[in-house]
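One letter stands for each residue in the lines below.
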2 protein chains.
Amino acid sequence: MKRNIKLTIQYDGSGYSGWQKQPGRKTIEAELMTALKKLLHCEILEIEGSSRTDAGVSALGQVANVFVDTPIPTDRMAKAISKYLPREIVVTEAVDVPDDFSAIKNTKSKMYRYSIYTGKTRPVLEINRCWHRPGQLVIAPMRQAAEKLIGEKDFKSFATAADKRASSIRTIYNCRISQEKEWIYIDVEANGFLYNMVRNIVGTLVEIGRGRWQPEMMDKILHAKNRTAAGPIAPAQGLCLMWIKY
Amino acid sequence: MKRNIKLTIQYDGSGYSGWQKQPGRKTIEAELMTALKKLLHCEILEIEGSSRTDAGVSALGQVANVFVDTPIPTDRMAKAISKYLPREIVVTEAVDVPDDFSAIKNTKSKMYRYSIYTGKTRPVLEINRCWHRPGQLVIAPMRQAAEKLIGEKDFKSFATAADKRASSIRTIYNCRISQEKEWIYIDVEANGFLYNMVRNIVGTLVEIGRGRWQPEMMDKILHAKNRTAAGPIAPAQGLCLMWIKY
């Protein structure tokens, strides 16, 4: 009998064409499907991943659910699947969930971290996991602007045009900016995200941090409900999906 | 007129066949030569790198010297060369040195760090820069054993057989072991190293940390002057060349 299993997955996305399987491309979902097939000796028709992370985006807390028919106890499954995965992908947890659990629909909130390195010299050991943007960013106005994002709002200005979701209204619970030496981290927690939303927010906050725009610009951008009003998109490799709450 | 330039180089060695150029292989030295040729429009016959780091080994402070004939001021050279290098290699500093300066012969001491991750789940974001060795290692006996390595000694037991250097006597100035949560760092500073010496020392210290051997075993291993007396070699990707002093 098939049972519904919730998987928590970590990956370094730098060598991958994103989460979602695409013909002829190396993707996280495809690797996971291959690993499950090898482990369970059966065809896996569908894995439901909560976030369709883009090419180059990493994750420490991606969540997916999958229906499987196997005698393997759930508490041994994370380790068993991981043996069949490439070294840059790992399943950290597997738990039984009710049949009606959906990794997408049951999401309460999720948090992304965006990492920027502001030092002059490119950080070779972290180059695939950050945006190397040399030059000072002033944090105080970035924080002021970030405050304006909190709450239930229409984030249409931060959605790349390809987004086909019906509504562009989301609730951002937190948008925290922290600094450690030459590193800046932007943590955004929301009940859901539009296509490229975090990267478009980061690109906008950087325009404010470098002094091109005042923090008040954020109000105008939100009001415009038009992608062209916001700043440029930040590169994918700085983004990491940290956790998803259910 | 040719002048002698000392370069400090950082690299993520995980996708490379080591420092030294080899026909048909991707190496750090070869990339550096290609970058210099592109920048200076001349053939670079030789780069003298202080450490011939192995395949998979990274560096934050490799040093090399090279004779070049160029009008580019030395203080602009690091940035200029780096533009022609792949993103996982960077030149952080270039300075003029006397013609008789040799990156190899003038080395006073160098320091390598070896990183071990002891947690259960493989650390996907750092997997190319550590030895993932799940399970507890007891630090106190490892430190006791590390103390025994300090000083001028014959380290023949820690040299892989391929080492052809005349003498196996070196001086270790420091061998410090530190711990941060599930990470263990082994820092070894010496006036020079034999082939695979740090990785063979680390493999031996791990045997002591996991309780297979007592710290006193280190005396016997040093005394044996035979590679088979020591522990297994630790994997390359945990090793990073931190700095070189002149």
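Here the structure is a predicted model, which means the values were calculated and not measured.

Cut-offs and rules
- Residues numbered from 1 in each chain as written.
- Chains lettered and ligands numbered in written order.
- Predicted model: local features only at pLDDT ≥ 70, side-chain atom pairs only at ≥ 80, totals over all residues.
- Heavy atoms only, no water.
- Phe/Tyr/Trp six-rings, centres within 6.5 Å; stacked < 30°, edge-to-face > 60°.
- Buried < 20%, exposed > 50% of the residue type's maximum accessible area, 1.4 Å probe, protein only.
- Lys NZ or Arg CZ within 6 Å of the ring centre and 35° of its normal.
- Helix = DSSP H or I, 4+ residues; strand = E, 2+ residues; numbered from the N terminus.
- Expected span 1.5 Å × (residues − 1).
- Domains from an automatic or database assignment.
- Contact = heavy atoms within 4.5 Å.
- Buried area = accessible area lost by both parts, 1.4 Å probe.
- Salt bridge = Lys/Arg side-chain N within 4 Å of Asp/Glu carboxyl O.
- Least-squares fit on C-alpha atoms with pLDDT ≥ 70 in both.
- Polar contact = N/O pair within 3.5 Å; in protein donor to acceptor, adjacent residues only side chain to side chain.

Structural notes on the packing of aromatic side chains
In the structure shown here, the tally under the stated rule is 12 aromatic pairs over all chains. Ring geometry for W183 of chain B versus Y185 of chain B: centroids 6.2 Å apart, planes at 5°, classification stacked. Judged by relative accessible area, W183 of chain B falls into the buried class, the value being 16%. Ring-pair connections join several aromatic residues into one group, and the members of that group are Y117, W183 and Y185 of chain A. For the cation-ring pair, K26 of chain B lies above Y16 of chain B, with the distance from its terminal atom to the ring centre recorded as 4.5 Å. For R113 of chain B, the ring lying beneath its charged end belongs to Y185 of chain B, and the centroid distance is 4.4 Å.

Quick word on helix α4 (residues 197-209) of chain A
Helix length check: α4 of chain A, at 13 residues, gives a terminal C-alpha distance of 18 Å against a target of 18 Å (1.5 Å per residue), a fit within 8%. One or two positions beyond α4 of chain A, positive phi appears at G211 of chain A, with a value near 90°.

Points about the domain arrangement of chain A
Residue and element names in this part refer to chain A. Domain assignment breaks chain A into domain 1 (3-97) and domain 2 (109-245). A straight line from the C-alpha centre of domain 1 to that of domain 2 covers 27 Å. Taken together, the contact between domain 1 and domain 2 spans 15 residues of the former and 15 residues of the latter. Of the roughly 1,100 Å² buried between domain 1 and domain 2, counting both surfaces, carbon and sulfur atoms make up 52%. At the junction of domain 1 with domain 2, the criterion picks out 1 salt bridge. Salt-bridge contacts for D54 lead to R199; the nearest nitrogen and oxygen are separated by 3.2 Å.

A few points about unusual backbone geometry
Most peptide bonds take the trans form, and the phi angle of most residues other than glycine is negative. All names here are of chain A. The phi dihedral of K181 falls on the positive side, at around 50°, and the residue is not glycine. In this fold, K181 is placed in the loop between β8 (169-180) and β9 (183-190). Of note in the backbone geometry, K225 takes a positive phi value of approximately 50° without being a glycine. A residue is classified by how much of its surface remains accessible, and K225, at 42% relative accessible area, is partly exposed.

Brief notes about the relation of the copies chain B and chain A
At an RMSD of 0.0 Å, chain B and chain A line up after a rotation of 180° and a shift of 0.0 Å along the axis. The operation mapping one copy onto its partner corresponds to a two-fold rotation axis. In terms of C-alpha distance to the rotation axis, chain B has E126 of chain B as its closest residue, with the C-alpha 4.6 Å off the axis. Of the interface residues in chain B, 100% have counterparts in chain A that sit at the interface too, so the contact is made through matching surfaces.

Considerations on the interface of chain B and chain A
Counting residues at the interface gives 22 residues for chain B and 22 residues for chain A. With both chains or domains summed, chain B and chain A bury close to 1,800 Å², and 55% of this area falls on carbon and sulfur atoms. Of all residues in chain B, R87, R122 and L125 of chain B give up the largest surface area on contact with chain A, accounting jointly for 40% of the area buried on that side. At the junction of chain B and chain A, the tally comes to 0 salt bridges. Joining chain B to chain A, the criterion identifies 16 residue pairs in polar contact (both at pLDDT 80 or more). When residues of the side of chain B that touches chain A are traced back to their parent elements, those giving at least two are β1 (3-11), β3 (58-68) and β4 (89-97) of chain B.

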